[in-house]
Amino acid sequence: MVGGGPAGAWCAYLLARAGVQVTLVHWSGYAPGGIELVSGRARRQIEQHCPDFFQSAAPGVEIQETISLWSTPEPVVLSAMFNPWGPGIAVERTLFDHALRDLARTGGVDVRADAKVVGIEREDDAGWKLSLRLEDDKISSLRVEFVVLATGRAAISFFDRSAAPESSTIALMTSLPVRHDGPQQALYIEKAGRGWWYALPAQNGCCFAGFCLERDELKKRRGSLKEFYIEQLRGTKLLAPLLPRTIHIGDSHISGRMAGARPFGRTAGDGWIAVGDAAYAPDPLSGMGIELALESAGLGAGVVLEAMTSNRKAVNSNAAFAEYDAAMRAHVQEHDKAAALHYGRQESRSAGPSGD
Ligand SMILES: Cc1cc2nc3c(=O)[nH]c(=O)nc-3n(C[C@H](O)[C@H](O)[C@H](O)COP(=O)(O)OP(=O)(O)OC[C@H]3O[C@@H](n4cnc5c(N)ncnc54)[C@H](O)[C@@H]3O)c2cc1C
């Protein structure tokens, strides 16, 4: 398993529980920080295996409602009661990822959270040779039968596969103080000014707010990043009233992350599959990234298991992996449709926000 975010850790956990010997190699160089929403559905998947995961290992804030202001004159409030999966939970990503890797370790995975995979080569019909860069910069190698690529949206250097160009959308994110008289357990989504805002509550009473916009728009700004961020935030109808009159943030506390959807040309090949964002990175504003990461991890684990338990020839047969590729595409279409519904539009947003 290359990469120990939600997709990699979950896939490794499922495989190990089914009796497969799994090594998970994780390097945290691209690991996302901040607060993210684990959807009700994703939460249930984890809780089915580990009922107290969100009480003990990765506590967060339960999200009881979504308050959104996109193209409507007034905010639309959706109660989590109407979600058949129940409320989602806003968690700190570093904590969440760490807890999932711990779960994988408990399930029997050999977790190596100190190494970066820098090369993957076909050895012979039987498997792959991975080159790992260790913390002291030394290179070591690892021989494996299958590779599951769970490196997230940033890393495409393996398996010579094409990807849609990185989207032109960027998210600026930071933690903000909030007034105490607003709803404490809500996800806010708002289209305002030059982009899209989302805000999630944090356990310390602050909120974590992200502003997704076109990179070109960001380049046009006058003044510092902090001034731009606050000016745009002040122009919001939903978020601004939740904030104190004076907002203290330093430039260095605003982090940037590539956003928008990003599909990859191939999600599987002979003896390898990609899961999570490494297969398809959905639009972050759909709130489905972690859910899709877990879904694809489950599907991917199933395919690897099937290939391993069939005869030797089938191990490297393209058929099982092609089936996964087709299944992933079907899931992506479903997610695309759901995302389009969220945006109140018919067409897919796979190409990223268009700004209209
Ligand atoms: C701004 C923004 C906000 C978002 N908010 C939400 C949200 O609220 N809810 C939601 O469900 N989704 C959200 N998403 C999407 C979500 O973050 C991703 O879909 C999810 O992280 C995908 O998980 P993953 O395991 O596939 O990849 P990642 O989480 O990216 O994990 C991959 C891991 O692999 C490691 N890695 C990479 N290369 C190597 C290598 N060569 N060797 C070893 N390790 C390696 C990386 O450092 C990283 O830790 C958001 C996305 C963005 C951009």
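Above this text you will find the structure in question.
Counting restarts for each chain, with residues numbered from 1 along the sequence as it is written. At least 70 in pLDDT is required for a residue's local features to be given in this predicted model, at least 80 for side-chain atom pairs to be given and counted, and no such filter applies to totals for whole chains, interfaces and linings, which use all residues. Note that the side-chain values use all heavy atoms of the structure and ignore hydrogens as well as water.

Student: Before we move on, could you go through the state of the cysteines and cite the residues and values that matter?
Tutor: By convention in this document, the label disulfide applies to cysteine sulfur atom pairs within 2.5 Å. One pass over the full model with this rule turns up zero disulfides. With no disulfide partner, C206 has as its closest neighbouring cysteine sulfur the one in C207, 7.6 Å distant. By relative accessible area, C206 is classed as partly exposed at 22%. Cysteine C212 is unpaired, with the sulfur of C207 as its nearest cysteine sulfur at 14 Å. Exposed residues in this analysis have more than 50% of their type's maximum accessible area, buried residues have under 20%, and partly exposed residues fall in between, with area computed by a 1.4 Å probe over protein chains only.

Student: Outline the layout of surface pockets, listing residues and values.
Tutor: To find leftover empty space, one rolls a probe the size of a water molecule over the atoms. Space inside and on the surface of the protein is sampled on a 1 Å grid over the protein atoms alone, with a cavity defined as a set of points where a 1.4 Å probe fits but cannot get out and a pocket as an open set with protein on both sides within 12 Å along at least 5 of 7 lines; lining residues have an atom within 4 Å of a point. Grid points are joined across faces, edges and corners, and a volume is the space filled by probe spheres set on the points. Approximately 340 Å³ is the volume found for the second largest pocket. Lining the second largest pocket are 17 residues, and of these Q21, V22, T23, V144 and F146 lie nearest its centre. Mapped onto the lining of the second largest pocket, the elements with two or more residues apiece are β1 (23-25), β10 (139-144), β11 (147-149) and α7 (289-309). The helix and strand labels rest on DSSP assignments: H or I over at least four residues marks a helix, E over at least two residues marks a strand, and numbering proceeds from the N terminus. Per-element accounting of the lining of the second largest pocket gives the leading share, three residues, to β10. All amino acids are sorted into three groups, where Ala, Val, Leu, Ile, Met, Phe, Trp, Tyr, Cys and Pro are nonpolar, Asp, Glu, Lys and Arg are charged, and the leftover types, Gly among them, are polar. The residue makeup of the lining of the second largest pocket, split by class, is 13 nonpolar, two polar and two charged.

Student: Any chance you could break down the nonpolar core for me, citing the residues and the numbers?
Tutor: As used in this record, nonpolar core signifies buried Ala, Val, Leu, Ile, Met, Phe, Trp, Tyr and Cys residues forming a set joined through side-chain atoms within 4.5 Å. In terms of nonpolar packing, the biggest core is built from 68 residues, with M1, W10, F53, F96, I120 and L130 touching the most fellow members. Throughout, a residue-residue contact means that at least one pair of heavy atoms, one from each residue, lies within 4.5 Å. Setting aside residues no more than four positions away along its own chain, F96 makes contact with P6, V38, I46, F53, F54, A58, V91 and I290. I170, A209, L238 and I247 belong to the second largest nonpolar core, which has 28 residues in total.

Student: Please give an account of helix α1 (residues 6-17) that cites residues and values.
Tutor: Compared with an ideal rise of 1.5 Å per residue, which puts twelve residues at 16 Å, α1 spans 16 Å between its outermost C-alpha atoms and is within 8% of the ideal. Burial of α1 is extensive: eleven of the twelve residues sit out of reach of the surface. Restricting attention to buried positions, one finds in α1 the residues P6, A7, G8, A9, W10, C11, A12, Y13, L14, L15 and A16. Tucked into the core, α1 has its buried residues touching β1, α2 (40-49), α4 (93-106), β11 and α7. Of the residues flanking the end of α1, it is G19, one or two places downstream, whose phi is positive at about 100 degrees. Helix span, as expected, comes to 1.5 Å for every residue beyond the first.

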